[in-house]
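# Remarks on the overall topology
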Amino acid sequence: MFPGIPMLNYDVVVIGGGPAGMAAAVRAKELGLNVLLLDENDYLGGILPQCIHPGFGLHYFREELTGPEFAARLAKRLVELGVEYRTAARVMEIRNYSDLEKVVIFTSPSGAYQAWAKAVIYAAGARERHAFEIGIVGDRVAGIYTAGEAQTLMDIYGVMPGREVVIVGSGDVGLIMARRFALEGAKVKAVIELMPYPGGLARNVMILRDFEIPLYLSHKVVEVRGRGRVERVKVVKVDENLNEIPGSEFWIEADTLIISAGLVPSVKKLTAIGVEIDPSTGGPVVNDRLETSVPGVFVAGNALLINDLVDYVAEQGELAAEGAKEFIENGGIGSRKWIGVEKGENVRLLAPHRLSGERDVYLYLRVARPMEDVELRIPEAGKRVKLSLATPAEMLRVKLKAEEIRDAEKLTVEVVRE
Amino acid sequence: MTKTYRFTCIVCPLGCSIEVRVEDGKVIGVTGHTCPRGQEWAVEEATNPKRVIMSVVRVKDGALPTVSVKTAEPVPKELIPELMKFLAELKLEAPVEIGEVVAEWNGIKIVATRGA
Ligand SMILES: Cc1cc2nc3c(=O)[nH]c(=O)nc-3n(C[C@H](O)[C@H](O)[C@H](O)COP(=O)(O)OP(=O)(O)OC[C@H]3O[C@@H](n4cnc5c(N)ncnc54)[C@H](O)[C@@H]3O)c2cc1C
Ligand code: SF4
């Protein structure tokens, strides 16, 4: 179709070689599909090779691993199964000609290619929010990094990004970076958190005590100043409505500002082919096979919604592969009817959005605010799950059996006091 | 002299708030825990805190310029800066296998968590 560009043919092309993409490719191969995996990095694993801390794989491998260890296990399976993959291969565009005809155009060191496939699994992960997105103004200077950029510099390339550090955001990523900097002998001058509570798990909040790092809750960084390099950052206190409190400003001297203000699913290549996006997750609207609104295009991992556990990411990859298999065999993902899933009380985001009621399904969701002693309820399915604690930092996952939801017209998910 | 330590227990997701009172290096009281595992953890945390340490070590001629490592067992907290200095000076040569013991420090094994 594109003359002069070498043409390849597959059942499935998987975009992204992180845990979601690798798990999808492995499962697709196990199901007998002819699969190609593409990643723009020089190595497989996505963000995992740079996440050298433990906390990965307790569910999936029943063992606590570091990020690189988790990635290596998946990569080993991939190689053992003989899955075809290419690194340094950047996907430029997806084209959707018909349900069973998609083209993935990518460039690689050996040139451009067009890979034709019946189904596409999109697992390109997420991007980090940048300083300007969270309203920081001031000088455009060196020394401002996202947490992921700093992590890549330190833990892949062995380069120290700075010596006196202010970190924006007290989620697990921000806290883990605080520890990394402190361990390397940098002075972490403060962690600044907008909300009145820390965003990370208790075991990561402990890091602050370990290294005597001050945490400013209900504060935000609003300005950076410096000549050539960051010299100081301005911090302001906020009230309960997150409005700045006049007169509360103060400056912290630092040469480095690390932004750890959350991730956003990276979906540009999907919106370009008309995939419908859910504004609350930032990822596509999907059915219980993780198929998007464009038939035969599946999504998994952080491109679907931001996951805190890599285990769920890998699980989504497998599910998408099973969807692709069914799609190719039946020429589509069928259902007699689709049951809509709606957000109820204290549910901020939720996926999948449409269920067939013909198969078991995992719902993934996040709450809007922290609450103790709550119950996750889905009245139409007669489902009640007790939770001692639900926080926005932790994604909740609940399994629904086909027979519990088969007869429902719609489902409402709520997290409420017992 | 009595010191009071307050911890959020991290042994299980319940996250109990535990207080440990220590007098002249001896534990004289633990409150707030719901189970013996939490109590044991908090006492250890107050008297002899230890951490498994992760870092990266330079590697020559590898696919990447560094290889990530972890200590095979938890290290007493006060020794961590010394360990980090040791790791900063360590230089490895490729190939390094994931899981390989690449060095030993004060009897503690340093294990590669990435290949190179
Ligand atoms: C700092 C940090 C710490 C974390 N800590 C933990 C933890 O302790 N425990 C835990 O379980 N989870 C943790 N997580 C979460 C977990 O690691 C992620 O949810 C998971 O890695 C996401 O996987 P993914 O495959 O969706 O995306 P990624 O790992 O981001 O992979 C996406 C891949 O797609 C590729 N790609 C993107 N666009 C293109 C394109 N156009 N062409 C080709 N390739 C492309 C990228 O190069 C990348 O390799 C952490 C996350 C972060 C950021
Ligand atoms: S004290 Fe026991 S129950 Fe409470 S958080 Fe610790 S381990 Fe869990």
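Just so you know, these numbers come straight off a predicted model, no measurement behind them.

Residues and elements named next belong to chain A. Enumeration according to the criterion identifies one cavity of 30 Å³ or more in this entry. Of the volumes computed, that of the largest cavity is approximately 50 Å³. Around the largest cavity, the lining residues are Arg336, Lys337, Ser356, Gly357, Glu358 and Arg406. Residue classes in the lining of the largest cavity are distributed as no nonpolar, two polar and four charged.

The next thing to look at is the packing of helix H1 (residues 19–30) of chain A against helix H2 (residues 67–80) of chain A. Residue and element names in this part refer to chain A. Where H1 contacts H2, the axes come no closer than 9 Å and their chain directions differ by 25°. Compared by their axis directions, H1 and H2 come out roughly parallel. Here H1 runs over H2; the crossing is left-handed. Across the interface between the two elements, Pro19, Met22, Ala23, Ala25 and Val26 of H1 pack against Phe70, Ala71, Leu74, Ala75, Arg77 and Leu78 of H2.

Next up on the list: the domain arrangement of chain A. Residue and element names in this part refer to chain A. For chain A, the assigned domains are domain 1 (1–128 + 262–334), domain 2 (130–261) and domain 3 (338–417). Its C-alpha centre places domain 1 at a distance of 32 Å from the equivalent point of domain 2. Between domain 1 and domain 2, the residue contacts involve 12 residues of the former and 16 residues of the latter. Overall, the association of domain 1 and domain 2 removes approximately 1,100 Å² of surface from exposure, summing both partners, and the carbon and sulfur fraction of that is 44%. The tally of links from domain 1 across to domain 2 stands at two salt bridges. Here Glu133 and Arg127 are joined by a salt bridge, their closest N and O atoms 3.0 Å apart. Applying the counting criterion to the domain 1 and domain 2 interface returns seven residue pairs in polar contact (both at pLDDT 80 or more). Looking at the side of domain 1 that touches domain 2, the elements that each hand over two or more residues are strand E4 (54–56) and strand E11 (126–128). The residue inventory of the side of domain 1 that touches domain 2, partitioned by class, reads five nonpolar, four polar and three charged.

A few words now on the sheet that holds strand E29 (residues 396–400) of chain A. Residue and element names in this part refer to chain A. Judged by pairing direction, the sheet is antiparallel, and its three strands sit side by side in the order E24-E26-E29 without closing on themselves. Looking at the sheet topology across the chains shown, the edges are occupied by strand E24 (347–351) and E29. On average, adjacent strands in this sheet sit at an angle of 25° to one another, irrespective of strand direction. Where strand E26 (residues 361–367) and E29 come together, five bridges link them in antiparallel fashion. Paired with Tyr364 across the two strands is Arg397, which belongs to E29.

Criteria and cut-off values
- Residues numbered from 1 in each chain as written.
- Chains lettered and ligands numbered in written order.
- Predicted model: local features only at pLDDT ≥ 70, side-chain atom pairs only at ≥ 80, totals over all residues.
- Heavy atoms only, no water.
- 1 Å grid on protein atoms, 1.4 Å probe; cavity = no way out; pocket = protein on both sides within 12 Å on 5 of 7 lines; lining within 4 Å.
- Points joined across faces, edges and corners; volume = space filled by probe spheres on them.
- Nonpolar A, V, L, I, M, F, W, Y, C, P; charged D, E, K, R; others polar.
- Axes fitted to C-alpha atoms, helices over the stretch in contact; angles between N-to-C directions.
- Helix = DSSP H or I, 4+ residues; strand = E, 2+ residues; numbered from the N terminus.
- Parallel < 35°, antiparallel > 145°, perpendicular 65-115°, else oblique.
- Left-handed = near helix turned anticlockwise from the far one by under 90°.
- Contact = heavy atoms within 4.5 Å.
- Domains from an automatic or database assignment.
- Buried area = accessible area lost by both parts, 1.4 Å probe.
- Salt bridge = Lys/Arg side-chain N within 4 Å of Asp/Glu carboxyl O.
- Polar contact = N/O pair within 3.5 Å; in protein donor to acceptor, adjacent residues only side chain to side chain.
- Pairing = 2+ DSSP bridges.

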